[in-house]
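# Descriptive analysis of the structure
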Amino acid sequence: MKKIIIANWKMNPSSPKEAGQLFSNTVKLISGVKKTEVVICAPYVYLSGLKKLSSKISLGGQNIFKVEEGAYTGEISADMLYNIGVQYVILGHSERRALGENNLNVNKKIKIALRAGLTPILCVGEDKRDENHGYFNFVKNQLEECLNGVQKDSLSKIIIAYEPVWAISSTLNRRDANANDSREMAIFIRKTISDKLNNQNKMPRIIYGGSVNERDAEDFIKNGGVDGLLVGRASLNAKKFSSIVKICEASER
Ligand code: PGA
């Protein structure tokens with residue numbers, strides 16, 4: 001399975017011109033990359049335009065609505081994304097959870113995304129770490145509630161992003177996570193999921209996200225026990241993001 005580097009542009013940039021430039025510059029800088037899958041999760045309004053610029057980078061949304069269709073003013077459905085050529089969607093990001101998203105809604109969205117043909121990128125992660133290691137149970141509960149009722153053979157189609165909220169760039173007084181933090185949780189997530197699977201089922205890919213930059217990406221890729229990275233702030237700089245992609249490309253596998 002290819003390693004994957006996913007950009008989360010969040011609510012940036014502010015014009016289609018800038019979005020196009022950022023996208024095209026990134027495409028140019030990663031032109032030699034073959035072994036690494038690259039995805040950019042951009043604001044809805046840019047996705048169709050970016051799709052026309054290059055197929056080198058796959059596209060993702062940052063949310064979908066929890067119902068498939070109907071009278072829901074202002075919402076975007078999974079089918080809408082799929083039908084404009086989007087392949088991925090971030091679900092359960094902590095910044096959306098802070099706006100009221102809960103595990104039950106994320107669970108509905110995962111099932112709808114899978115039915116539509118999108119690959120869900122499920123974000124899990126604790127707000128803080130405690131001495132009693134209660135954060136393992138917190139993440140386990142997120143996984144169980146978000147994946148409740150998802151068919152065993154569909155689990156491999158999901159990407160699980162471990163994003164400790166305390167390490168994300170938008171968190172006030174954030175601190176750095178390291179490759180050990182990532183590795184211990186990646187092992188725990190694999191164990192939690194594999195307990196649900198039969199031998200013949202494939203594991204989902206597990207990635208790390210939280211202030212990844214061009215300096216620490218190598219450590220996370222080599223020692224973080226993950227199949228890729230979810231990159232926020234650094235993905236808004238084509239040079240920084242492409243360096244992260246190239247670090248992943250150069251890593252042994
Ligand atoms: P960050 O964002 O890299 O800016 O911390 C990651 C994310 O929130 O997905």
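Heads up: these notes are all about the structure in this document. Residue positions within a chain follow its written sequence, with the count starting from 1. A pLDDT threshold of at least 70 governs which residues receive local features in this predicted model, and a stricter bar of 80 or more applies before side-chain atom pairs are shown or counted, although totals over entire chains, interfaces and linings include all residues. The basis for every side-chain value is the complete set of heavy atoms in the structure, and neither hydrogens nor water enter the calculation.

Checked against the element boundaries, glutamate 144 lands in helix α6 (residues 134-146). Note: C-alpha distance between glutamate 144 and asparagine 103 (41 residues apart in sequence) is 9.0 Å. Working definition: helices are DSSP H or I runs of at least four residues, strands are E runs of at least two. Numbering for both runs from the N terminus.

Around the barrel, which closes on itself, the eight strands sit in the order β1-β2-β3-β4-β5-β6-β7-β8 with parallel pairing between neighbours. Strand-to-strand twist in this sheet, taken as the mean axis angle between neighbours without regard to direction, amounts to 25°. DSSP bridges decide pairing: two strands pair if at least two such bridges lie between them. Where strand β3 (residues 58-61) meets strand β4 (residues 88-91), two bridges bridge the pair, whose relative direction is parallel. Each residue of the ladder has a partner; that of glycine 60, found in β4, is tyrosine 88. By definition in these notes, contact holds between two residues if any of their heavy atoms fall within 4.5 Å. For every element, the axis is a line fit to its C-alpha atoms; helices are fit only across the contacting stretch, and the angle between N-to-C directions ranges from 0 to 180 degrees. Those strands touched by helix α9 (residues 238-250) are β1 (3-8), β2 (36-41) and β8 (228-231), and its axis lies near 170° from that of β1.

One heavy atom within 4 Å of a molecule or strand is enough for the residue carrying it to be called near that molecule or strand. Taken together, the residues surrounding the ligand are Asn8, Lys10, His93, Glu163, Ile168, Ser169, Gly210, Ser211, Val212, Leu230, Gly232 and Arg233. At 2.7 Å, a side-chain N or O of histidine 93 approaches an oxygen atom of the ligand. The term polar contact refers here to a pair of N or O atoms within 3.5 Å; inside protein, the definition further demands a hydrogen-donor-capable atom paired with an acceptor-capable atom, and it admits residues adjacent in sequence only when both atoms are side-chain atoms. One nitrogen or oxygen atom from the side chain of serine 169 is found 2.5 Å from an oxygen atom belonging to the ligand. Using a 1.4 Å probe, accessible areas were evaluated by the Shrake-Rupley method; residue-level cover was limited to the displayed protein chains. In isolation the ligand offers 280 Å² of accessible surface; the protein chains occlude 99% of this area. Cavity and pocket criteria rest on a 1 Å grid covering protein atoms alone: a 1.4 Å probe that fits but cannot get out defines a cavity, protein on both sides within 12 Å along at least 5 of 7 lines defines an open pocket, and an atom within 4 Å of a point defines a lining residue. More than half of a molecule's atoms lying within 2 Å of a cavity's or pocket's grid points is what places that molecule inside it. Among the cavities detected, the one that contains the ligand is the second largest pocket.

On to the pattern of salt bridges. Here, a salt bridge means any side-chain nitrogen of Lys or Arg that lies within 4 Å of a carboxyl oxygen of Asp or Glu. Evaluation of the coordinates by the stated rule reveals 13 salt bridges. The closest approach of N and O atoms between aspartate 181 and arginine 129, which form a salt bridge, is 3.2 Å. Taken together, the positions of aspartate 181 in helix α7 (residues 179-194) and arginine 129 in the loop between β5 (119-124) and α6 put the pair 52 residues apart, joining distant regions of the chain. The residue lysine 191 makes a salt bridge to aspartate 195 at a minimum N-O spacing of 2.8 Å. Here's how the labels work: a residue is buried when its accessible area is under 20% of the maximum for its type, exposed when over 50%, partly exposed in between, all with a 1.4 Å probe on protein chains only. Under the relative-accessibility criterion, lysine 191 is labelled partly exposed at 48%. Here the salt bridges do not stand alone but share partners, grouping Glu126, Arg129, Asp181 and Glu184 into one network.

Turning next to the pairing of β2. Burial of β2 is extensive: six of the six residues sit out of reach of the surface. Here β2 shows no split at all, with Thr36, Val38 and Ile40 on one side and Glu37, Val39 and Cys41 on the other all buried. The pairing of β1 with β2 spans six bridges and is parallel. The residue of β2 that forms the bridge with lysine 3 is threonine 36. Handedness of the β-α-β unit built from β1, helix α1 (residues 16-29) and β2 comes out right-handed. Strand direction decides the pairing type here: β2 and β3, joined by three bridges, are parallel. Paired with isoleucine 40 across the two strands is leucine 59, which belongs to β3. When the strands point away from the viewer and the connection leading from the first strand across the helix to the second strand turns clockwise, the crossover is called right-handed. After leaving β2, the chain enters helix α2 (residues 44-53) and then returns to the sheet as β3, a path that is right-handed.

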